[in-house]
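Structural overview
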Amino acid sequence: MPRFRMTVEYNGGPYVGWQRQENGPSVQGAIEAAVLSLTGETVSIRGAGRTDSGVHAMGQVIHADLTKEWSPYKLQNALNAHLRLAGERVSIIEVEAVPEFFDARFSALRRHYLYRIISRRAPLALEAGKAWWVPKALDHAVMHAAAQRLVGRHDFSTFRSAHCQANSPVRTLDRLDVTRNGELIEIRATAQSFLHNQIRSFAGTLKLAGEGKWTPDDVEAALEARDRKACGPVAPPDGLYFMQVDYPEVIIDRRRPVTNADIDADETDDPL
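Residues numbered from 1 in each chain as written. Predicted model: local features only at pLDDT ≥ 70, side-chain atom pairs only at ≥ 80, totals over all residues. Heavy atoms only, no water.

1. Details of helix H4 (residues 198-210)
The end-to-end C-alpha distance of H4, which contains 13 residues, comes to 18 Å, matching closely the 18 Å that a straight helix rising 1.5 Å per residue would cover. Burial analysis of H4 places 13 of its 13 residues in the buried class, the great majority of the element. Positioned one or two residues after H4, Gly212 has a phi angle of 85°, which is positive. (Helix = DSSP H or I, 4+ residues; strand = E, 2+ residues; numbered from the N terminus. Expected span 1.5 Å × (residues − 1). Buried < 20%, exposed > 50% of the residue type's maximum accessible area, 1.4 Å probe, protein only.)

Dropping the structure here:
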């Protein structure tokens, strides 16, 4: 069956999250309904990562198996037409035919997220639902210094939802940068994988540092506590964006023996 990789953007506000659920509309459900409407096929698509209700995406990656060969250009346009007619706030921004052993989730090397905070006294109008409004002044330099205490391989139990289903709280955080442009503060995070609520937990904790309530040492102590009770408040979903997924240039077929040539071509050391 032909396999297609798609890059998807969406406004997470109207949805219960990425994953198909019984308690409301989901992004996955919207795309699967568009595929059914277009092709008559009931498919189950896989995403590179799950996002919660209210979380947005500019670069979610999915794959879908269809019985018919499609021109990627025609498939993209047709799916977007069905999504638009259904009133969905989801857009397919790229489609590519890929080998059948490409997997949007398991082939991924790194995932990139952005958390947006707007720090100003006036409430948000145009940016409502698209950023976390913080009416207090925040020191982004202190936030960045605190964020560097979290970079590296750690037990992130403190910054993990009580409902997280991951087998281990240990993750390697490659990047956690805090920058400012006027009223906008951006927190950018990169890792191969994240725990449930990890970035929103980071954002809420770093806000305490930006307000002067916590120091970078306090943030490090919270990390070392390995206790959810030591975490700052979890930031709202509005400001979180799934930005990008990195894949190796050559995707290895995991069903066959791996050769030295494969190892040279595929730089992933720690498969998800």
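Text resumes after the structure shown.
2. Section: the packing of helix H3 (residues 140-148) against H4
Between H3 and H4, the shortest axis-to-axis distance is 8 Å and the interhelical angle comes to 130°. Here H4 runs oblique to H3, going by the angle between their axes. For the crossing formed where H3 meets H4, the hand is right-handed. On H4, the residues that touch Val142, Met143, Ala146 and Ala147 of H3 are Leu206, Lys207, Ala209 and Gly210. (Axes fitted to C-alpha atoms, helices over the stretch in contact; angles between N-to-C directions. Parallel < 35°, antiparallel > 145°, perpendicular 65-115°, else oblique. Left-handed = near helix turned anticlockwise from the far one by under 90°. Contact = heavy atoms within 4.5 Å.)

3. A few points about the pairing of strand S10 (residues 240-246)
Most of S10 sits out of view: five of its seven residues are buried. Relative to S10, strand S3 (residues 56-65) runs parallel, the two sharing two bridges. Each bridged residue has a counterpart across the sheet, and for Ala57 the counterpart in S10 is Phe242. Relative to S10, strand S5 (residues 110-119) runs antiparallel, the two sharing six bridges. If you follow Tyr115 over to S10, its bridge partner there is Leu240. (Pairing = 2+ DSSP bridges.)

4. What about the UniProt feature "active site" (unreviewed entry) in the chain?
As annotated in UniProt, the feature "active site" (unreviewed entry) corresponds to Asp52 in the numbering used here. In contact with Asp52, other than residues within four places in its own chain, are Val16, Gly17, His196, Asn197 and Arg200. (UniProt positions renumbered as here; feature names shortened; annotations may be inferred.)

5. Focus: the side chain of Thr190
Its place among the elements puts Thr190 in strand S9 (residues 184-191). In terms of polar contacts, Thr190 uses its side chain to reach the side chain of His112, at 2.8 Å. Other than its neighbours up to four places away in sequence, Thr190 contacts Arg110, Arg111, His112, Leu173, Asp174 and Arg175. (Polar contact = N/O pair within 3.5 Å; in protein donor to acceptor, adjacent residues only side chain to side chain.)

6. Some points on the UniProt feature "binding site: substrate" (unreviewed entry) in the chain
In the numbering adopted here, UniProt assigns the feature "binding site: substrate" (unreviewed entry) to Tyr113. Topologically, Tyr113 is positioned in strand S5. Residue Tyr113 is classed as buried on the basis of its relative accessible area of 9%. The residues contacting Tyr113, other than those within four sequence positions of it, are Arg50, Ile187, Arg188, Ala189, Phe194, Ile199, Leu240, Tyr241, Phe242 and Met243.

7. Considering the pattern of salt bridges
This model, assessed by the stated rule, comprises 14 salt bridges. Two residues, Arg110 and Asp246, come together in a salt bridge whose shortest N-O distance is 3.1 Å. Residue Arg110 is found in strand S5, and its partner Asp246 is found in strand S10; the two are separated by 136 residues along the sequence. Under the relative-accessibility criterion, Arg110 is labelled partly exposed at 34%. Given a relative accessible area of 13%, Asp246 falls into the buried group. A salt bridge links Arg149 to Asp217; the shortest N-O distance between them is 2.8 Å. Within this pair, whereas Arg149 is found in the loop between H3 and strand S7 (152-155), its partner Asp217 is found in helix H5 (residues 216-225), the two being separated by 68 residues in sequence. (Salt bridge = Lys/Arg side-chain N within 4 Å of Asp/Glu carboxyl O.)

8. A look at the environment of Val55
Here Val55 is to be found in the loop between strand S2 (46-47) and S3. Among the residues examined, Val55 registers a relative accessible area of 2% and is labelled buried. Ignoring sequence-local partners within four residues, the contact set of Val55 consists of Tyr10, Gly12, Pro237 and Leu240.

9. Some details on the environment of Glu41
Relative to the helices and strands, Glu41 resides in the loop between helix H1 (27-39) and S2. Apart from residues no more than four positions distant in its own chain, Glu41 is found in contact with Val35, Leu36, Asp65, Leu66, Thr67 and Lys68. A distance of 2.8 Å separates a polar atom in the side chain of Glu41 from a polar atom in the side chain of Thr67.

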